[in-house]
Amino acid sequence: EPEVTQTPSHQVTQMGQEVILRCVPISNHLYFYWYRQILGQKVEFLVSFYNNEISEKSEIFDDQFSVERPDGSNFTLKIRSTKLEDSAMYFCASREEGQYNSPLHFGNGTRLTVT
Amino acid sequence: GESVGLHLPTLSVQEGDNSIINCAYSNSASDYFIWYKQESGKGPQFIIDIRSNMDKRQGQRVTVLLNKTVKHLSLQIAATQPGDSAVYFCAETDNSGYSTLTFGKGTMLLVSP
């Protein structure tokens, strides 16, 4: 069964450093998402991306965050200057086009630890 | 040990019991609902979904019930197994078109053999 893959599984970085989290969505999916989950809390929406542009973003997704689809397979989340409170699990998700209200398929996440 | 934020409601059942996990939502415009299962160290895994024009949907060993009047959603798991132990999240979206999901707080299901 096709799946969303994320790398790395764990990223440790120092405060103020830039990090790039990588995702390979399911190949025939065209809607892409980033969510995050702080330890023990619920999953929070960050951003959605469709047709090479951001379609929605939350208040969490400030100027320190950016997303990119650099080629036909990867979808990345960049945090320019990490803060301690950015420590969380970051989940990438994707959804098929043409299926209104179809489920998002999530990867297994990247655990980001900012020290 | 770390305990900040770890205040999930917990449902403890015996193997073979039926489990019912509940979820309340607040957005009257929500029209699509999904239950996800999250095992430790993994991403949310789709279980079952339901659209707002339905009040019940059944899958394999799982049933979702939707009561739009009181904005309540439940997940029923029949003959619960130890492998069902996980955190269960309900998620909902409205008809904005991009399917941005809003997740609930989650319920931890613990199944004892």
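All values reported here derive from a predicted model rather than from experimental measurement.

J.: Just checking my understanding: could you explain the packing of aromatic side chains for this structure?
T.: What characterises a pair of aromatic rings is the spacing of the ring centres plus the angle enclosed by the ring planes. Tallied over the full model, the rule gives 15 aromatic pairs over all chains. Ring geometry for Tyr 35 of chain A versus Phe 45 of chain A: centroids 5.5 Å apart, planes at 65 degrees, classification edge-to-face. Placement of the pair is Tyr 35 of chain A in strand 4 (residues 29-37) and Phe 45 of chain A in strand 5 (residues 44-50), with a sequence separation of ten residues. On the basis of relative accessible area, Tyr 35 of chain A is assigned to the buried category, the value being 0%. Ring-pair connections join several aromatic residues into one group, and the members of that group are Tyr 33, Tyr 35, Phe 45 and Phe 106 of chain A together with Tyr 36, Phe 46, Phe 89 and Phe 103 of chain B.

J.: Explain the state of the cysteines to me, please; I cannot follow it from the model alone.
T.: Disulfide: a covalent bond connecting the sulfur atoms of a pair of cysteines. Throughout the structure, instances matching the rule amount to two disulfides over all chains. The disulfide partner of Cys 23 of chain A is Cys 92 of chain A, and the gap between their sulfur atoms is 2.0 Å. Looking along the S-S bond of the Cys 23 of chain A-Cys 92 of chain A disulfide, the torsion reads about -65 degrees, which is the left-handed sense. You can see Cys 23 of chain A sitting in strand 3 (residues 19-24) and its partner Cys 92 of chain A sitting in strand 9 (residues 88-96), a full 69 residues away along the chain. Residue classification places Cys 23 of chain A among the buried residues on the basis of a relative accessible area of 0%. Disulfide partner of Cys 23 of chain B: Cys 90 of chain B, at an S-S distance of 1.6 Å.

J.: Quick question: what am I supposed to make of unusual backbone geometry here?
T.: Phi is mostly negative for residues that are not glycine, and the peptide bonds are mostly trans. All names here are of chain A. In this model, Thr 7 is joined to Pro 8 through a cis peptide bond whose omega is -10 degrees. Mapped onto the secondary structure, Pro 8 falls in the loop between strand 1 (5-7) and strand 2 (10-13). For Asn 51, which is not glycine, the phi dihedral falls at a positive 55 degrees. Within the element layout of this structure, Asn 51 appears in the loop between strand 5 and strand 6 (53-57). Owing to a relative accessible area of 59%, Asn 51 belongs among the exposed residues under this scheme.

J.: Sorry if this is basic, but what is going on with the sheet that holds strand 3 of chain A here?
T.: Hydrogen bonding along the main chain pairs the strands of a sheet, whether they run parallel or antiparallel. Residues and elements named next belong to chain A. If you trace the four strands from one edge of the open sheet to the other, you get 1-3-8-7, paired in antiparallel fashion. Among the strands making up the open sheet, the edge pair consists of strand 1 and strand 7 (65-68). Within this sheet the neighbouring strands show an average axis-to-axis angle of 20 degrees, counted without direction. Inspection of the sheet shows strand 1 paired to strand 3 by three bridges, in the antiparallel sense. Each residue of the ladder has a partner; that of Thr 7, found in strand 3, is Arg 22.

J.: What am I meant to see in the environment of Ser 40 of chain B here?
T.: Residues and elements named next belong to chain B. In this fold, Ser 40 is placed in the loop between strand 3 (32-38) and strand 4 (45-51). With relative accessibility at 77%, the residue Ser 40 sits in the exposed group. With 47 residues separating them along the chain, Ser 40 and Val 87 place their C-alpha atoms 8.2 Å apart.

J.: Hey, could you run me through the pairing of strand 9 of chain A in this one?
T.: In summary, the side chains of a regular strand alternate between the two faces of the sheet. Residues and elements named next belong to chain A. Across the nine residues that make up strand 9, a large majority, eight, are buried. Across eight bridges, strand 4 lies against strand 9 in antiparallel orientation. Counted as the bridge partner of His 29 is Glu 96 from strand 9. Judged from the three bridges that link them, strand 9 and strand 11 (residues 110-114) form a sheet pairing that is antiparallel.

Rules behind the numbers
Residues numbered from 1 in each chain as written. Chains lettered and ligands numbered in written order. Predicted model: local features only at pLDDT ≥ 70, side-chain atom pairs only at ≥ 80, totals over all residues. Heavy atoms only, no water. Phe/Tyr/Trp six-rings, centres within 6.5 Å; stacked < 30°, edge-to-face > 60°. Helix = DSSP H or I, 4+ residues; strand = E, 2+ residues; numbered from the N terminus. Buried < 20%, exposed > 50% of the residue type's maximum accessible area, 1.4 Å probe, protein only. Disulfide = S-S within 2.5 Å. Pairing = 2+ DSSP bridges. Axes fitted to C-alpha atoms, helices over the stretch in contact; angles between N-to-C directions.

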